[in-house]
Structure formats: structure tokens, C-alpha cells
Amino acid sequence: MKKLIILMSVMAFCLNGYSQSESRKYIHLGASVTKSFLDKKLEAGLETEGRFRTGEDQKQWLITPKISYEPIKYFSVGLQYRFNLEHDGSEDPQNEWVNRLSADLKGKLPAGNFKFEFRFRYCNYNEDFEKGSVNYGRKEYLRYRFEVDYKIKPIKLTPYISYEWFQNLALKDVDRDRWTFGLKQKLNKHNKIGFEYMFQENFNNPNKIKDIYKHIFAFSYSYNF
């Protein structure tokens with residue numbers, strides 16, 4: 001009897017945890033162009049991306065000019081400004097431009113075919129669906145990402161894995177994290193394609209009861225002049 005009670009308690013706990021979460025799936029399609037200057041120390045580029053939530057009429061269209069500079073070997077700084085057109089998919093659908101600024105510090109360490117990288121990013125968010133909340137228009141994050149790449153030279157393929165967590169400065173706490181598993185394929189001197197699967201968990205949000213689990217499948221193409 002005691003074992004049965006314990007088993008039922010464990011099942012109830014698991015079901016309660018499941019009921020307090022929501023799973024969502026997204027498709028990201030992107031393309032970018034970049035140009036290097038000053039012996040590849042300076043790089044400027046433009047990224048475009050469409051983001052779609054499966055099963056829902058929610059869309060985002062992103063345009064991101066960016067620039068980065070490598071003052072010393074294995075260390076770079078970067079700046080990006082994103083123009084984001086959001087379609088909220090509600091009963092009274094609205095489209096609105098939501099912009100975002102981000103600044104990066106990045107360090108990398110090659111070790112044979114491996115490359116270890118750490119990126120520190122500051123960015124601000126302005127999320128439409130939180131309009132009316134106390135944090136609307138005032139979301140700022142510090143983001144920390146570790147990444148490991150492995151270059152398979154004979155076939156010009158680079159698999160990689162990364163982990164990133166997002167520190168919400170208004171909440172003074174981490175409210176989301178993200179695992180990324182990806183592949184980059186170099187087709188020739190100028191062209192690359194890529195695929196990523198990202199698992200993102202959103203939690204510690206005072207305005208939402210449920211945690212949100214996002215499954216993101218991303219495909220990209222890049223051209224380097």
C-alpha cells in the first residue's frame with residue numbers, strides 16, 4: 001500500500017509539471033551576405049530571416065545589419081541592429097515593427113580541428129505580446145553562450161553544439177536558456193549552407209503560469225564576398 005501511494009504521488013507530480021508547460025514548434029529560414037575588409041579584421045554583413053510558428057498564424061520577418069572587428073587575434077567585438085516586423089496571428093491580426101540593438105564580445109580558441117568559443121551579448125527586447133505589462137519596452141538581457149565546433153576538413157563540414165542562457169536585467173534572474181545542435185556545410189569559396197535544431201526553455205516569467213518549450217528548426221544560406 002505504501003509503495004502504491006508513493007507511485008501515485010510521483011505520477012501526480014509529473015502530470016502537474018507537464019500541465020504547467022507548453023510546447024511550441026518553429027521554422028526559421030534565413031539568408032545573409034558578408035564582406036571582409038582589412039585582412040579579414042573587419043566584417044560587415046546583412047542578414048534576413050523569416051520565422052514561422054507551426055500550427056499558428058504567427059510570423060516574424062527580420063532584417064539585421066551587423067558589423068564586427070577583431071582588434072587582436074581570437075577576440076572580436078560586434079554591433080547589430082535588428083528590424084523586426086511581427087504578425088501576431090490574433091483574431092484581430094496586427095503587424096508592427098519591433099527593433100532591437102545588440103552588442104557582442106567574442107573570444108575563440110582553436111585546438112586542432114576543434115574550436116571553442118564564448119560570446120557575451122547585451123541586447124534589448126521590445127516584445128509586442130507583452131504590451132501593457134510593466135516590462136513592455138524595457139526588456140534588457142545579458143546573454144552568455146558557449147560553443148564547440150569540430151571541422152571535418154575532407155568534406156568541408158562543421159558540426160557544432162552550444163549552450164546559452166539569458167539573464168533578464170529587469171527580473172535580475174535567468175528566464176530562458178537554449179541548446180543548439182547544428183551543421184555548417186561549405187559549398188565553395190563564397191557559399192555556405194546550414195541547419196540547426198534549437199531547444200529553448202522559457203521560465204521564471206511572472207506574467208505567465210506555464211513554462212514554454214520551443215523546438216526550432218532553422219535553415220540558412222550565406223554568401224561571403
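These notes cover the structure that comes with them. (Residues numbered from 1 in each chain as written. Predicted model: local features only at pLDDT ≥ 70, side-chain atom pairs only at ≥ 80, totals over all residues. Heavy atoms only, no water.)

1. Considerations on the pairing of strand E7 (residues 139–150)
What counts here: In short, DSSP must find at least two bridges between two strands for them to pair. Under the scheme used here, helices are H or I runs from DSSP no shorter than 4 residues and strands are E runs no shorter than 2 residues, and both carry numbers assigned from the N terminus.
As paired strands, strand E6 (residues 114–125) and E7 are joined by 12 bridges and run antiparallel to one another. If you follow phenylalanine 116 over to E7, its bridge partner there is valine 148. Pairing analysis gives 9 bridges linking E7 to strand E8 (residues 157–168), with the strands arranged antiparallel. For tyrosine 144, the partnering residue across the bridge sits in E8 and is tryptophan 165. Count of turn residues in the E7/E8 antiparallel hairpin: 6 residues, of which lysine 156 carries a positive phi of about 55°.

2. Overview of the packing of aromatic side chains
Test applied: Pairing of aromatic rings covers Phe, Tyr and the six-membered ring of Trp, with a centre-to-centre limit of 6.5 Å; geometry is then stacked below 30 degrees between planes, edge-to-face above 60, and tilted otherwise. When accessible area is computed with a 1.4 Å probe and restricted to protein chains, residues below 20% of their type maximum are described as buried, those above 50% as exposed, and intermediate ones as partly exposed. Each ring is checked for a lysine NZ or an arginine CZ that lies within 6 Å of its centre and within 35 degrees of its normal; such an atom marks a charge sitting over the ring.
Going through the model one piece at a time under the given rule, you end up with 16 aromatic pairs. Centroid distance tyrosine 197 to phenylalanine 217: 5.3 Å. Interplanar angle 45°. Geometry classified as tilted. Taken together, the positions of tyrosine 197 in strand E10 (residues 191–202) and phenylalanine 217 in strand E11 (residues 211–224) put the pair 20 residues apart, joining distant regions of the chain. By relative accessible area, which is 22% here, tyrosine 197 ends up partly exposed. Accessibility expressed as a relative area gives 30% for phenylalanine 217, which makes it partly exposed. Three or more aromatic residues link up through ring pairs in this structure, and these residues are Phe118, Phe120, Tyr144, Phe146, Tyr163, Trp165, Trp179 and Phe181. Over the face of the ring belonging to phenylalanine 166 we find arginine 176, whose NZ or CZ atom lies 5.8 Å from the ring centre.

The values reported here are purely geometric and, on their own, carry no functional implication.
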